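Take a look at the letters that make up each chain.
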Amino acid sequence: MTEVIAEYEPYLSFVLLLLLFAGFVTERYPPEVTAAGGAALFIGLGLVPSDDVLAAFANPAPITIAAMFVISGALVRTGLLDAVANRVVAGATHRPSLGIAAFLLATLLASGLMNNTPVVLILIPVVVRLAQSLDVAATRLLIPLSYTAVLGGTWTLVGTSTNMLVAGVTSDLGMEPFSMFEIMPVGLIATVGGGLTLLVLGPVLLPRRRETGDIVSGGEVQFLTELRPCEGYAGLGHPINEVPDLDRPEIHVHAIRAQSEIKRSNLREHRLEVGDRIVASVTTSELLTLRDLEGMEVGLRHGPRDGEEVAVAEAVATLSGRGSNIRLAQLALGHRYGVRVLGVHRHGQNLGPDLPTVLLRPADKLLVEGTGEGLARLTQAGDLAAITQASARAYRRQKAPLALLALMAVMGLAALGVAEISLLVLMAVAAILLLRCIDSEEAWSSIDGGILVLIFSMLIVSAGLQHTGAMALMVAALVPLIQDLPPVVILGAIYLLTSLLTETVTNNAVAVIITPIALGLASHLSLDPRPFAVAVMFGASASFATPIGYQTNTLVYGAGNYRFTDFLKIGVPMNLIVGAVSVAVIPVFFPF
């Protein structure tokens, strides 16, 4: 009986794989849930031994991917990406064409040095701002942003999770590990092909709609606040446009109360003095950054006493029984609860001349700081509700050189072969945590748990396919059909299959399944498996034709209110041209 069951295990595994892919395509559940369900079936039906399940969790690729998310989070929290993006946007207003080119080049470089998904996430609001400054539709720039990040991710092993995952699978299958920059020559040439395609076809095929979606703010809203420089502030005596803390695109100064005078023009030339009250709209992260500066007071004057342990929270105004014509200062939150209001936000509306005189309405959002006890009493009073921890964090700009140094050390030492990249990134994560470039809580929240669940689950499925012989069965069925074809045609077929599946399923799942098949085919045909592994990397990473094939496409899909067909128009030519270029040059750098 056992032998009969074993005889049918390969076919049962193959049926489960088809059902798994059908689940990905129908999208009834998120990809990670579908993958976890498939892995559970393989384990429950005894198609994968427990040792192989544990071996999947020992694969270094998912840990490396998680660590890179933390390093990327540190680069965001220290304001490094934001600073580079703002500098490029400032230059683009003077020389638009050169500015856009510089912006896309910076995106390429950033996507090669770190995971490209957080790069796109942080740059979406920057692109929208750039489009507004150049008076062009954001839809003309958001798809190029995603495609550029995708192409940049093909330069190194850490540019995309797919590259690291394929490298990890091939290493487990006994192939010599890939080095950090080994695939860069192919990536550079593919980038040239993709860039020329965008340059020629983009003006014709990219839409010109000016509506944008809800993601364009990057999760940041602007709060009306009041800033007061005090004794000891480093910017005293300097014009605002020469004070780095205040001369930022995210800080919009509306007025300055200097002694008895109210200034509303030439505000950036105003020299700061003690006693100035600066009325400004500021994004959450910049507001919290200003709050932490020595010599700068933010928000209403009254609040927690010095030395008390405070937390920053977001709250929604309810004004139970008070009506909607009460000024913020009349609530006296500082005197009554020891809570300071840092800022107020109302969607799409100007709130008034200054912070204390804001006429509150129900549903206004407030950013407040206070002790745990004070915030609890404030909730019970009924004026504010839904008090939650602030979603944004203050920038730690003084730590930016340390975060950049950690990333450069990983890249350099990995390139020199000093240690495995999985060990280097873990050491880098430890360093940036100890040096407080990012808090541990925020570091763990920057890890995309869904991607890790998907990867671990698909590694288990792949182990089951190999253990049952399903993988060998698929290879044996394919070999007679392709054995007489030229190697470059077989390479192209592998690339095309990977690319088509990636557009309809998900890149990491496809990479885990196709990599062993590609290596098995190469082995049966007595060809070097390395070029086939590279083809899987590029086929699974260079995804342009749909908004669901790759994470960066999904991000800009919502941010730009694109239609599905917008991606097909420009993405299909991108897929074909980048694919043809990649297949043509892979054998040059990775001979058969």
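Computed from a predicted model, the values in this text were never measured in an experiment.

S.K.: What exactly am I supposed to notice about the overall build of the protein chain here?
M.R.: Assigned secondary structure in the protein chain consists of 23 helices and 11 strands. Its C-alpha atoms give the protein chain a radius of gyration of 27 Å, within 12% of the compact-globule value 25 Å for 592 residues. Once the C-alpha set of the protein chain is aligned to its principal axes, its extents read approximately 90 × 55 × 45 Å. Counting only residues that meet the buried cut, the protein chain has 54% of its 592 residues in that class. Partitioning the intrachain contacts of the protein chain with sequence separation of at least 6 by distance along the chain shows that 81% fall at a separation of at least 24. Summed over all atoms, the accessible surface of the protein chain reaches about 25300 Å², with 61% contributed by carbon and sulfur. Seen as two clouds, the 36 positive and the 47 negative side-chain charges of the protein chain have centres 13 Å apart.

S.K.: What's the story with the layout of surface pockets in this structure? I'm lost.
M.R.: A probe matching the size of a water molecule, rolled over the atoms, marks out where space remains unfilled. Taken as a whole, the second largest pocket encloses approximately 800 Å³ of empty space. Residue lining of the second largest pocket: 25 residues in total, with Ile100, Leu104, Gly195, Leu198 and Leu199 positioned closest to the centre. At the level of elements, helix H6 (96-113), helix H8 (139-153) and helix H10 (184-205) are the ones that each hand at least two residues to the lining of the second largest pocket. Across the lining of the second largest pocket, the residue classes break down as 17 nonpolar, 5 polar and 3 charged.

S.K.: Just checking my understanding: could you explain empty space enclosed by the protein for this structure?
M.R.: The full count for this structure, using the stated rule, is 1 cavity of 30 Å³ or more. Counted as a void, the largest cavity has a volume near 30 Å³. Considering the residues around the largest cavity, the lining is formed by Ile100, Phe103, Leu104, Val127, Leu130 and Leu141. If you list the elements that add at least two residues to the lining of the largest cavity, you get H6 and helix H7 (116-134). For the lining of the largest cavity, the leading source of residues is H6, giving 3 residues. Its residues placed into classes, the lining of the largest cavity shows 6 nonpolar, no polar and no charged.

S.K.: Can you walk me through helix H9 (residues 161-172) in this structure?
M.R.: Here H9 is 12 residues long and its end C-alpha atoms lie 17 Å apart, about the 16 Å a rise of 1.5 Å per residue gives. The element H9 is largely enclosed, with a buried count of 10 among its 12 residues. For H9, the set of buried residues is Ser161, Thr162, Asn163, Met164, Leu165, Val166, Ala167, Gly168, Val169 and Thr170. Where H9 is buried, its residues touch helix H4 (60-77), H8, helix H17 (449-468), helix H20 (507-524) and helix H21 (530-541). Backbone geometry just downstream of H9 places Gly174 in the positive-phi region, at approximately 95°.

S.K.: What's the story with unusual backbone geometry in this structure? I'm lost.
M.R.: Apart from glycine, the bulk of residues carry a negative phi angle, and the bulk of peptide bonds sit in the trans form. Positive phi values are uncommon outside glycine, yet Ala332 reaches one of about 50°. Overall, Ala332 belongs to the partly exposed group, its relative accessible area being 24%. Its identity as a non-glycine residue notwithstanding, Arg436 has a phi of 60°, on the positive side. Along the chain, Arg436 turns up in the loop between helix H15 (421-434) and helix H16 (440-445).

S.K.: Looking at this structure, how should I read the pairing of strand E10 (residues 365-370)?
M.R.: Working note: regular strand, side chains alternate between the two faces of the sheet. E10 sits mainly inside the fold: 5 of its 6 residues count as buried. Direction of pairing for strand E6 (residues 311-317) relative to E10: antiparallel, over a ladder of 6 bridges. In the strand pairing of E10, Ala313 is matched with Val368. In terms of strand pairing, strand E8 (residues 340-345) meets E10 through 5 bridges, oriented antiparallel. Note on E10: the bridge partner recorded for Val344 is Leu366.

S.K.: Sorry if this is basic, but what is going on with the environment of Val572 here?
M.R.: With respect to the helices, strands and loops of the structure, Val572 is situated in helix H23 (residues 564-589). Distance from Val572 to Val48, taken between C-alpha atoms, is 38 Å for residues 524 residues apart in sequence. Setting aside anything within four residues of it in sequence, one finds Val572 in contact with Ala545 and Phe567.

S.K.: How do you make sense of the packing of H6 against H7 when you look at a structure like this?
M.R.: Packed helices, taken two at a time, are described by their axes: the angle between them and the distance between them. One can describe the packing of H6 onto H7 by two numbers: an axis separation of 11 Å at closest approach and a directional angle of 175°. One finds that H6 runs roughly antiparallel with respect to H7. For the pair H6 and H7, the contacting residues are Pro96, Ile100, Phe103, Thr107, Ala110 and Ser111 in the first and Asn116, Val119, Leu123, Val126, Val127, Leu130 and Leu134 in the second. A class-by-class count of the residues in the contact of H6 with H7 yields 10 nonpolar, 3 polar and no charged.

S.K.: What exactly am I supposed to notice about the confidence of the model for the protein chain here?
M.R.: Where the model shows low pLDDT, its predicted coordinates should not be examined in detail. Mean pLDDT over the protein chain: 84, with 93% of residues reaching 70 or higher. Throughout residues 1-5 the model reports pLDDT below 50, and contacts reaching past four residues in sequence, or to other chains, amount to 0 contacts. With pLDDT under 50 throughout, residues 213-218 is counted as low confidence; its partners more than four residues away or in other chains account for 15 contacts.

S.K.: Hey, could you run me through helix H11 (residues 284-291) in this one?
M.R.: Among the 8 residues of H11, 7 are classified as buried, and the element is accordingly described as predominantly covered. Every buried residue of H11 is accounted for by Thr284, Ser285, Glu286, Leu287, Leu288, Thr289 and Leu290.

S.K.: Explanation requested: the packing of aromatic side chains in the structure shown.
M.R.: Aromatic ring pairs: the centre-centre distance and the angle between the two ring planes describe each pair. A full pass over the atoms with the stated rule returns 5 aromatic pairs. Taken together, the ring pairs in this structure connect Tyr557, Tyr562 and Phe567 into an aromatic cluster. The lysine or arginine in question, Arg530, covers the ring of Phe178, its NZ or CZ lying 4.2 Å from the ring centre.

S.K.: Explain the nonpolar core to me, please; I cannot follow it from the model alone.
M.R.: Note that soluble globular proteins tend to have their nonpolar side chains buried in a common cluster. Counting residues in each nonpolar core, the largest one holds 134 residues, and the members touching the most others are Phe24, Ile71, Leu142, Phe178 and Met458. Of the residues forming this core, the biggest block, 11 residues, is contributed by H20. Not counting residues within four places of it along the chain, the set of residues in contact with Phe178 comprises Leu157, Ala167, Thr170, Ile183, Arg530, Ala533, Val534, Met537 and Phe590.

Basis of the calculations
- Residues numbered from 1 in each chain as written.
- Predicted model: local features only at pLDDT ≥ 70, side-chain atom pairs only at ≥ 80, totals over all residues.
- Heavy atoms only, no water.
- Helix = DSSP H or I, 4+ residues; strand = E, 2+ residues; numbered from the N terminus.
- Rg over C-alpha atoms; globule rule 2.2 N^0.38 Å.
- Buried < 20%, exposed > 50% of the residue type's maximum accessible area, 1.4 Å probe, protein only.
- Contact = heavy atoms within 4.5 Å.
- Areas by Shrake-Rupley, 256 points an atom, 1.4 Å probe, with all protein chains shown as cover.
- Lys, Arg positive; Asp, Glu negative; His and termini not counted.
- Charge placed at Lys NZ, Arg CZ, Asp CG, Glu CD.
- 1 Å grid on protein atoms, 1.4 Å probe; cavity = no way out; pocket = protein on both sides within 12 Å on 5 of 7 lines; lining within 4 Å.
- Points joined across faces, edges and corners; volume = space filled by probe spheres on them.
- Nonpolar A, V, L, I, M, F, W, Y, C, P; charged D, E, K, R; others polar.
- Expected span 1.5 Å × (residues − 1).
- Pairing = 2+ DSSP bridges.
- Axes fitted to C-alpha atoms, helices over the stretch in contact; angles between N-to-C directions.
- Parallel < 35°, antiparallel > 145°, perpendicular 65-115°, else oblique.
- pLDDT = per-residue confidence, 0-100.
- Phe/Tyr/Trp six-rings, centres within 6.5 Å; stacked < 30°, edge-to-face > 60°.
- Lys NZ or Arg CZ within 6 Å of the ring centre and 35° of its normal.
- Core = buried A, V, L, I, M, F, W, Y, C linked by side-chain atoms within 4.5 Å.

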